[in-house]
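Topology and contacts: notes
The residues making up each chain are set out below.
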Amino acid sequence: MPTPDRADAADSADVSGRAVRGLVVVVEDEIAIADIIRLNLAKAGYGVHVERDGTAGLAAIRSLKPAAVILDVGLPGLDGVEVCRRLRSTDDWTPVLFVTARDDEVDRIVGLELGADDYVTKPFSPRELVARVTSVLRRSRGTPGADQSLVVGDVRLEPGARRAFAGAPEYEVELTATEFDLLAYLMRRPGRVFSREQLISEVWGYSAVGGVRTVDVHIAQVRAKLGDASPIRTVRGVGYAVDRP
Ligand code: CA
């Protein structure tokens, strides 16, 4: 069934149209499940391309070079395990999240050492699936370093490019250099509470005009720009923290 239908047309709009967190190729023959996955990934800001059999899925992964793949194990044509095996045989290590119908398939997938990055068992919650995709992508971005993307909830920072994104689907947020540094400092250390004095010392390097009140002003600015996506929490009488992702 290579004839594009309306769903495929919507897919390509997602691929080329708007700013997204990354393209995910979904290979799933059950249309209802594919639709649920598509909707939830799109809502979370991902571009989505769906294929319904293993052969078409493999071709799509090779031509579209997605950020991640969601691969059903039981597929017509090539099954999901074979699709993954062929990818790996050409040294393609695109992160793969398997979807399995049976627990005993999990052993098979893990035992094959195909570099399956994670798996979910049907029935799964769409929310869990999106969380797994996000986590697979985060892990695949390499070892922790100054340039690694920082993600907490619906906020993502690209320190190398000094770009900030928020919301689902995400949009770019314009932060000043200091606002960016302050948010990045907190997001690199989730779960820890920092006093205003500590933040002045670490982020501003003692040179802040206006003392600790400056911290409050900048925090307020960051919150206003991020809106509901802001991960910054006020710890009364102590300072500020970003909760763990
Ligand atoms: Ca299936």
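Please refer to the structure placed before this passage.
To keep things clear, this report deals only with the structure shown in the data block. (Residues numbered from 1 in each chain as written. Predicted model: local features only at pLDDT ≥ 70, side-chain atom pairs only at ≥ 80, totals over all residues. Heavy atoms only, no water.)

Some words on the coordination of the calcium ion
What counts here: Ligating atoms shown are N, O and S within 2.8 Å of the metal, or 3.2 Å for Na, K and Ca, and water is not included, meaning a site may look less than complete. Remark: exposure states derive from per-residue accessible area (1.4 Å probe, protein chains only) relative to the maximum for the residue type, with buried under 20%, exposed over 50%, and partly exposed in between.
Within the first shell, the calcium ion binds the protein through Asp29 (OD), Asp72 (OD) and Gly74 (O), at distances of 2.1 to 2.4 Å. In the primary sequence, the donor residues of the calcium ion line up as D-x42-D-x1-G. A residue is classified by how much of its surface remains accessible, and Gly74, at 42% relative accessible area, is partly exposed.

What to know about the packing of aromatic side chains
The condition is simple: For this analysis, a ring pair means two rings from Phe, Tyr or Trp (six-membered ring only for Trp) whose centres lie within 6.5 Å, classed as stacked if their planes differ by under 30 degrees, edge-to-face if by over 60, and tilted for the remaining angles. By definition here, charges over rings are those cases where NZ of Lys or CZ of Arg is within 6 Å of the ring centre and within 35 degrees of the ring normal.
Under the definition given, this model contains one aromatic pair. With a centroid separation of 5.2 Å and 65 degrees between ring planes, the pair formed by Tyr185 and Phe194 is classed as edge-to-face. Overall, the relative accessible area of 12% leaves Tyr185 in the buried class. Over the ring of Phe165 we find Arg156, and its NZ or CZ is 4.5 Å from the ring centre. A cation over a ring is seen here: Arg189 above Tyr185, with NZ or CZ 3.8 Å from the ring centre.

Focus on the layout of surface pockets
Our working rule: With a 1 Å grid laid over protein atoms only, a set of points is called a cavity when a 1.4 Å probe fits there but cannot get out and a pocket when it is open yet has protein on both sides within 12 Å along at least five of seven lines; lining residues have an atom within 4 Å of a point. Grid points are joined across faces, edges and corners, and a volume is the space filled by probe spheres set on the points. In this classification, the charged set is Asp, Glu, Lys and Arg, the nonpolar set is Ala, Val, Leu, Ile, Met, Phe, Trp, Tyr, Cys and Pro, and all remaining amino acids, among them Gly, are polar. Residue ranges labeled as domains rest on an automatic or database domain assignment.
Empty space within the largest pocket amounts to approximately 370 Å³. Surrounding the largest pocket, 15 residues form its lining, Ala44, Arg127, Val130, Ala131 and Asp154 being those nearest its centre. Taken together, the residues of the lining of the largest pocket break down into seven nonpolar, three polar and five charged. Taken domain by domain, the lining of the largest pocket gets at least three of its residues from each of domain 1 (23-141) and domain 2 (150-242).

Considering the pattern of salt bridges
Rule in force here: We count a salt bridge whenever a side-chain nitrogen from Lys or Arg sits within 4 Å of a carboxyl oxygen from Asp or Glu. Secondary structure elements follow DSSP: runs of H or I no shorter than four residues count as helices, runs of E no shorter than two count as strands, and numbering proceeds from the N terminus.
The full count for this structure, using the stated rule, is 15 salt bridges. Between Arg86 and Glu82 there is a salt bridge, with the nearest N and O atoms lying 3.0 Å from each other. On the criterion of helical spacing, the pair formed by Arg86 and Glu82 is a turn pair, its members being four residues apart in helix H4 (residues 80-89). Using a relative accessible area of 36% as the deciding quantity, one classes Arg86 as partly exposed. Ionic pairing is found between Glu179 and Lys225, a salt bridge with its closest N-O pair at 2.8 Å. In this pair, Glu179 sits in helix H7 (residues 177-187) while Lys225 sits in helix H9 (residues 213-226), placing the two residues 46 residues apart along the sequence.

Focus on unusual backbone geometry
In this chain, Lys122 is followed by Pro123 through a cis amide linkage whose omega measures -5 degrees. Following Ala168, the chain continues to Pro169 via a peptide bond in cis, the omega torsion being -5 degrees. Notably, Lys65 is not glycine yet its phi reads approximately 45 degrees, a positive angle. Phi at Arg162 is positive, roughly 50 degrees, even though this residue is not glycine. Residue Arg162 is classed as partly exposed on the basis of its relative accessible area of 42%.

Brief notes about the environment of His218
This is how it is decided: Whether two residues are in contact is decided by their heavy atoms, any of which lying within 4.5 Å being enough.
Structurally, His218 can be placed in helix H9. Sequence separation between His218 and Leu182 is 36 residues, and the spatial gap between their C-alpha atoms is 8.1 Å. In this view, His218 contacts Thr178, Glu179, Leu182 and Trp204; residues no more than four positions away in its chain are not counted.

Points about the sheet that holds strand S7 (residues 155-158)
To keep it simple, the criterion reads: By definition, two strands form a pair when at least two bridges between them are found by DSSP. Where helices are involved, their axes are fitted lines through C-alpha atoms of the stretch in contact, as for all axes, and angles between N-to-C directions lie from 0 to 180°.
Taken together, the four strands give an open sheet; going across it, the order is S6-S7-S8-S9, and neighbouring strands pair in antiparallel fashion. At either margin of the open sheet sits one strand with a lone partner, and together these are strand S6 (150-152) and strand S9 (171-173). The sheet shows a mean angle of 25 degrees between the axes of neighbouring strands, direction not considered. On top of the sheet, H7 reaches S6, S7 and strand S8 (163-166); it is set at about 110 degrees to S7, its chief contact. Here H9 sits on the sheet in contact with S7, S8 and S9, set at roughly 160 degrees to S9.

Regarding the nonpolar core
Side chains of a nonpolar character, in soluble globular proteins, are inclined to be buried together. Cut-off, in case you're wondering: Nonpolar cores are built from buried Ala, Val, Leu, Ile, Met, Phe, Trp, Tyr and Cys residues. Side-chain atoms within 4.5 Å join them into one set.
Counting 28 residues, the largest nonpolar core has Val155, Leu157, Leu183, Met187, Leu199 and Ile232 as the members making the most contacts within it. For this core, the elements supplying multiple residues, two or more each, are S6, S7, S8, H7, helix H8 (196-204), H9 and strand S12 (239-242). In terms of residue count, H7 provides more of this core than any other element does, seven residues in total. Once residues within four sequence positions are removed from consideration, Leu157 is found in contact with Gln148, Ser149, Leu150, Arg163, Ala164, Phe180, Leu183, Ala184 and Met187.

Such coordinate-based values are descriptive only and should not be taken to indicate function.
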